[in-house]
Amino acid sequence: MASPASTPLAVDAPAQHARRWRPEIQALRAFAVVAVILYHAWPARMPGGYIGVDVFFVVSGYLILGQLGHRLITTGRLDLADFWARRMRRLAPAALLVLVGTAVAVMIVVPLSLQGDQLAQLAASAVALGNWALLAQEADYLQAGQAVAPGQHFWSLSIEEQLYVAAPLLLLAAVVAVTAVARRRAQPGERRELRLRRGVVLSIVVGALALSLALSTHAVATGQPDAFLGTGGRVWEFAAGGVLALLSRRGPGSVGDPAPRDGRAEHAGRARSAARWIGWILLGASTLLYGPETPFPGAGAIPVVVGTLLIIATGTPAKPRGLAWLAARSPVQWVGGVSYAAYLWHWPLIVLLPWVTLHPLTALEKAAIVAATLVLAWLSTRWIENPVRFGAASRAPSLRVIGVGALASLLVAGALWGGAQSAQARVADAADAAEVTRGIGFPPSHDPAAPDPSAGDLPTPAECFGAPALTNPACDGVLEATGFTPAVEAASGDRAIIYSSDCRTSLDSDEVLDCAFGPVDGRPVVLVGDSHSAVWFPALEPIAEREGWRLTVYFRGACAFTTADRGSGQNRARTEACLRWVDGVSARLAENDAPDLVFTAASTGATYRDADGAASAEAGVDGFVDAWRPLVDRGSQLVVLAEPPLLGDDGERCQLSRPDDPLPCSPSRASALDFRDLAVEAGRQLDAVILDLRDEFCTPTECPTVIGGALVYRDADHFTATFGATLTAAVDARLRAAGLLQ
């Protein structure tokens, strides 16, 4: 997440004519791409580096809308084929090269279980739909883990391409329509028609700016999922650059300060210098003061947009000094020249290298990635981009260029989509081949209804499958784990049946769904909370069936049963929906008699916030107590299921990379239990029964990834339904010890 990457919004460099060369434009490109790369490599050092995307949108709007607008105003016409052909020559070669190269790398180094989604994301990017594909996958680009797609940085390039199709069509249609109406009513003179076209173009661009800024600000304030990745929320930045270009008499090709002629010109030069400093300060400060918690873009992007506009508007003086001199230096200009390719290459390297090394990137590896990015950027610019832009292809007919480019994009997208479907089919085959055990229930020796085994008899393999193999000394050596189930490739899908859409409330919804199991007149029992509650369903279901419970499940992903606020500016809508869901569940539970038992658990990875928005563990504990107390006061017995040991991101990456032998990926007990369980702390305040089953997962020193032939973890912080079903006997024993079973 989505942290945000920024595509250098590529434009035709007017460097062929010295008068039109804009050093400050290249400097802005260099600044933006460096900010993004450093943000992705060292997010703690440059937490607001994602503002580079906004810099590029403004620059692109200034150059592209400026060119289109001035052409429309002066001639009333646009050569759409020529415009799109130039965009195709500029954007497609490097983009398709990186997409294909990244896809090959994905198929070589990324585990099979992740290839499908990652190749599908690359396919969407090949046809300029990358941002919408991310939104469909519920991606959070600001919270990047090891499973982040190496092609998701194409989201901003997709927005750029969408604007390059829509903007000229909208402007041309409006100018043609208004001019035709004006000519029917009268025969305006050339100057009047010129003013009319200018008014139409400016009105559309300014209107788009105002509407998009309002929508973006609202989306950010309410935390809409598309606030960051949606096209509509970025239009205003593009339009802001266009307004500046349209208000300039000379258009986007004009240079900065004229030669001083008198005292007033000298004073104007000093004012421009001050404005230039303000612009760079605004950009630099944003990279350091902004972060993932900053409400963005919306109004939060205004300082970045204003800073970029100031730098463009002040230009570069004939004799640059200070920041203008630095911006015009050859190294800065060189980075600006390869910024598009540098952006395309850096993110796949950052995402894919850890799959090769199987550890988080070190400082040395990050430095090597930066160096490799610049080398690849220079090579692809020198041998791919420039030959297409300035070689024989630049003289090819526009329609041919568009046709070839579109065909190449479709072929690449089709091949990548086919690869994604093939990977998903292979994962499905692995799942079918694995013996995924569900509803295991009680091993025979633990079922009170079953006869006791004869003394001295060894336990059967069924009795030693999963968790009992770790806690029952008699199981040692009985079950030789030559294989395990489910397969690593199928583990992500090994979930409880309550993950179905009929039982689980989606991340963006506040609808209260309840799934009830067991007789209508059975003992009322509730399981409520996020996915860390849902994973316990396979362990509880056999007990519920035997005891005749009416087990009702309230389940929403990423939403523990708490009134505490866990939101930030980037996911506000989901936070608000979660809080509404908690209120709805509380109201539903208050409508009827209080349940006898309430089971709940919560992820320990959530960050809760106090009334001032600051991270606060105490606020998290208070939120759980506030949500649970009404049930306790009405007579419900609260049972808090403590967070089990966690595999962690590094362990998950290791397990996915070793599908045939994940045991070496087992975390130490100390690292797997290195967290603070706020739900348990809250439960103790309410005299809840705490079920702590960590000894079912861990030896005194480590927490194995395979226990008794069962794969324990399906991802970094959830256990498989197969292993969960083997915990039934342990949960049953603890409930009996607490006197909770009738």
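Residues numbered from 1 in each chain as written. Predicted model: local features only at pLDDT ≥ 70, side-chain atom pairs only at ≥ 80, totals over all residues. Heavy atoms only, no water.

A.B. asks: Go over the overall build of the protein chain with me, naming the residues and quoting the values.
C.D. replies: Scanning the protein chain from N- to C-terminus turns up 25 helices and nine strands. The buried share of the protein chain, taken over its 742 residues, is 54%. Carbon together with sulfur atoms contributes 58% to the accessible area of the protein chain, which is approximately 31,200 Å² in total. (Helix = DSSP H or I, 4+ residues; strand = E, 2+ residues; numbered from the N terminus. Buried < 20%, exposed > 50% of the residue type's maximum accessible area, 1.4 Å probe, protein only. Areas by Shrake-Rupley, 256 points an atom, 1.4 Å probe, with all protein chains shown as cover.)

A.B. asks: Go over the state of the cysteines with me, naming the residues and quoting the values.
C.D. replies: Summed over all chains, the structure comprises five disulfides. Linked covalently through their sulfurs, C559 and C578 form a disulfide whose S-S length is 2.0 Å. Torsion about the S-S bond of the C559 and C578 cystine: about 90°, corresponding to right-handed handedness. Of the two residues, C559 sits in the loop between β4 (549-556) and α19 (572-591) while C578 sits in helix α19, which places them 19 residues apart along the sequence. Like C578, C559 is buried. (Disulfide = S-S within 2.5 Å.)

A.B. asks: Explain helix α7 (residues 190-221) residue by residue, including any values.
C.D. replies: With 32 residues, α7 should cover 46 Å at 1.5 Å per step; its first-to-last C-alpha distance of 46 Å lies within 8% of that length. Among the residues making up α7, those that are buried are E193, R197, V200, V201, L202, V205, S212, L213, S216, A219 and V220. Close packing links the buried residues of α7 with α2 (52-75), α6 (155-185), α8 (235-247) and α19. (Expected span 1.5 Å × (residues − 1). Contact = heavy atoms within 4.5 Å.)

A.B. asks: Lay out the packing of aromatic side chains with the relevant residues and their values.
C.D. replies: Using the criterion set out here, one finds 16 aromatic pairs in the structure. When the ring of Y50 is compared with that of F228, the centres are 6.3 Å apart and the planes differ by 75°; the resulting orientation is edge-to-face. With Y50 in the loop between α1 (23-41) and α2 and F228 in the loop between α7 and α8, this residue pair connects regions lying 178 residues apart in the sequence. An angle of 75° between the planes, with centres 5.2 Å apart, marks the rings of Y50 and F296 as edge-to-face. In this pair, Y50 is assigned in the loop between α1 and α2 and F296 in the loop between α9 (263-289) and α10 (302-314), connecting sequence segments 246 residues apart. Both residues of the pair, Y50 and F296, count as buried. Aromatic rings pair up to connect Y39, Y50, W155, F228, Y290 and F296 into one cluster. (Phe/Tyr/Trp six-rings, centres within 6.5 Å; stacked < 30°, edge-to-face > 60°.)

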